[in-house]
Amino acid sequence: MADAADFQGTSASPARRWLRRTGAALAGAPLLAGLLQLPAAAPAGAAAQESPQAVSGAGSVSVSVDSLTPGAPTEGDTVTVSGTVTNNGKQPVTDARVDLLVGPAMGTRSSIDTLARKSSDVQGPLGEKVGGKYTEKFSKLTPGVAEPFTISVPVDDLDLGQDGVYPLGVTLSGETSAQPWEQILGIQRTFLPWQPESAGSKTKTTVLWPLVSDAHMAAETGSNEQQTPVFRDNKLAEELAPGGRLDQMVSLGKGLDVTWVVDPDLLASVDAMTKTYEVSDTDGTNTEGTNQELARRWLAELQQAVAGKEVVALPFGDPDLASLAHNGTNVTGSLSHLKEAADVAEDTVDVILHVKASTDFAWPVDGAVDPSIVKVATSAGADKVIARSDSLQDNLSYTPSAARPIGGGTTAVVADARMSTVFQGDLTKASASTLAVQRFLAQSLALEQQTGKRRSVVVAPQRMPSVSQARAMAEALAALQGGNWSESQDLADAAKAKPDPAANTSVPPGSAYPASLRKQELPRAAFEQIARTKEKLDKFKVILTRQSRVVTPFGRAMNREMSTSWRNRGVAAVGYRDGMESYLDGLIDGVKLIQKSETKLSGRSATIPVTVQNNLVQGVEHLELRLTSKNPTRLKIGDAAYDERPVTVNGGHSQSVKFTTSANANGRAEVEAQLYTEDGRPYGDPVTFDVKVTEITPTVMLVIGGGVLLLVLAGFRMYTQRKRAAAREAAEDAADRPAAAAQNPQPADERLKGESDAGSRADAPEQPSDPAPDTAAESADPSGTGERVDR
């Protein structure tokens, strides 16, 4: 984007300051040009020069500006610069001092970018030294030792001229034994925005404050009535803990005028953590979570922070719109997942945060758009797309307002790329954070001074700022909102602002989409796996008596599978999808047929039981069990080749379903059992087993009957023979009894007892030694219907 060479609409400044600054710039220009062409080695008398200049040995000392307050000074303020100087060379630096240098006001936004890239280049322009008492001296800088410094100077003594952005340099000058003259050995440049009075046409600035995180919850839930949620790890608790990333985003954002952009999945996950939950361990086991109070505290602070503020809800799980547009639209059902994610977003935010959230905005990754992304973004109901100016570019000498129509009733809200990307990178060091803050303020003021017209500007930072990035953002916004050239505005108002007729409204083609972003996208295989999981879920849910226990957690997990958070995390994304599909397969396999071994059929007809097992917590219904004979000429199921029975099984139980069979011939017959859903689709794996038919023929039955008759006759003959022998013995005993009585008389009761015993022995059909039968006699008749078959 080109910038205007001259600022328009700037405020007047005192004539004395203007003349002094202009004179210094004009006088210093030829001198600076000559100094930049100095030979590498300076003469020994160079130490006597009034203004030290950079030489070939420059850069041996690093200068860090760790703090600059206030970031945007006004009349009467005192500017305080603090930091450290570190001698990175091998020789001590003597007679060292730290000075402040102020250069002429910068004319364009691109010049700010150029100076930022060369912020520590000692060969670049230096500016005018403030001098006087505003310096700090060191007798010696020891190699490798960092020395702190602090310089405070009233803003009036900086002698700033007209309103604008001034480069502020902090230099370290000194001598070494190898080069014993004063020289600049290190420099750090930053920016000093100067707008002492309120601007006549303040820029309306909208800043997005994103609350987005990774996918933390799995599809797995507990088997209890409450369906205890399971978290993949403890990382969410770490982000919520004091000092954590999400903790800082809320605590820093609550004091700023920002538009909160939230992922409903994050809210739902934290809300689930306020109750009983489990955490999956690396060994596959689950342990009870213990961070309920942490989650409650964070949600309470967030509810207070967003009260009365604008809240924009992304679709549930923050789906990657670009990945979906480029790789998922040709996969059946992918767009329906986006629509479901958008539909639940508003209610989720309302229930948890108690605020009405807007769902009209779509936010592609880094604001990069092409026609396919815009089409996908609006397919879920959004009519505004947050783009970025390095994607939807303008060929203008100024920055236009953010809103512009791009056709089809869709509005592109174009965020400023320079201000949106300034907080990226490593800002853990105080010096890097300070430079980012001052650069942000400088770009904002330079934008405001481009024209005399009031414009609306949007800042859309990275989705998941680190703690250090969030702190730098908050510091910059606090200074901006306390400045004199900008005022806050909601995103909805920025989208409604009158578009600049000269602004570009043509969405760039797909070929212009950044290759670096395309490499990070979810592949087509990811959407195909999601579609496969969805198909399995659809088949599974129709048999459940309580579908919501499975459909809801899996539906939300499929939204998470499409999240932008998987960018640059391809291996983790595959692991999440595989784990979810594997868990669903395990649930589906919880309803299955029990394997059967070979079954013997010893008759013309019998009943074959097949067992259905339900290992789920809830009951299953709407299932049909079909038993099919692969050899119907030998074995029929019912009256045909197959028969069906409805199946309903309570949770945690099994049910045996009985099928009537009839045999036509001996031999083996293969039988297959298969479950079907009501719409005729197979469910689970079939069970195949053999039925061995051993039918008993009439001839065999006749032979067996004859054998039984012979056994009966032989037994009867033996019985009569024993009866006759017993009678003869009794007669002989009676003949001998008188003689015996005469010789050995007995009492009458004993004689009667003896006779009674003899009579009992004579009447017994079997001897006491005969074995008792251990099996019942077999029947020659065919087996009756309902007879259980051996397995």
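Structural notes, computed from the coordinates. Keep in mind the model is a prediction, meaning the values are calculated, not measured. (Residues numbered from 1 in each chain as written. Predicted model: local features only at pLDDT ≥ 70, side-chain atom pairs only at ≥ 80, totals over all residues. Heavy atoms only, no water.)

**Some thoughts on the nonpolar core**
Here's step 1: Formed by 75 residues in total, the largest nonpolar core has its most connected members in Phe540 and Leu625.
Here's step 2: If we ignore the near neighbours within four places in the chain, the residues touching Leu625 are Leu593, Val610, Val612, Asp643, Glu644, Arg645, Val647, Val657, Phe659, Ala673, Gln674 and Leu675.
Here's step 3: By size, the runner-up hydrophobic cluster in this structure holds 67 residues, among which are Phe191, Tyr277, Val311 and Val457. (Core = buried A, V, L, I, M, F, W, Y, C linked by side-chain atoms within 4.5 Å. Buried < 20%, exposed > 50% of the residue type's maximum accessible area, 1.4 Å probe, protein only. Contact = heavy atoms within 4.5 Å.)

**Regarding a nonpolar patch on the surface**
Here's step 1: A grouping of Leu709, Leu710 and Leu713 is seen on the molecular surface, where their side chains present a nonpolar patch of about 320 Å² in accessible area.
Here's step 2: Among the secondary structure elements, Leu713 is positioned in helix H19 (residues 698-743). (Patch = residues over 30% accessible without salt bridge, like charges linked within 9 Å, V, L, I, M, F, W, Y side chains within 5 Å. Areas by Shrake-Rupley, 256 points an atom, 1.4 Å probe, with all protein chains shown as cover. Salt bridge = Lys/Arg side-chain N within 4 Å of Asp/Glu carboxyl O. Helix = DSSP H or I, 4+ residues; strand = E, 2+ residues; numbered from the N terminus.)

**Concerning the sheet that holds strand E22 (residues 591-593)**
Here's step 1: The strand order across the open sheet formed by four strands is E22-E24-E28-E26, and the pairing between neighbours is antiparallel. Edge strands, defined here as strands with exactly one partner in the open sheet, are E22 and strand E26 (635-637). The average undirected angle you get between the axes of adjacent strands in this sheet is 30 degrees. (Pairing = 2+ DSSP bridges. Axes fitted to C-alpha atoms, helices over the stretch in contact; angles between N-to-C directions.)

**Comments concerning unusual backbone geometry**
Here's step 1: For the peptide bond that leads from Thr69 to Pro70, omega is -10 degrees, which places it in the cis range.
Here's step 2: You can see Pro70 is positioned in the loop between strand E1 (61-69) and strand E2 (78-87).
Here's step 3: At Asp159, a residue that is not glycine, the phi angle is positive and equals roughly 55 degrees.
Here's step 4: Summarising the element assignment, Asp159 is placed in the loop between strand E6 (146-154) and strand E7 (164-175).
Here's step 5: Taking the relative accessible area as the measure of exposure, Asp159 reaches 10% and is therefore buried.
Here's step 6: Even without being a glycine, Gln227 presents a positive backbone phi close to 50 degrees.
Here's step 7: Judged by its relative accessible area of 19%, Gln227 is buried.

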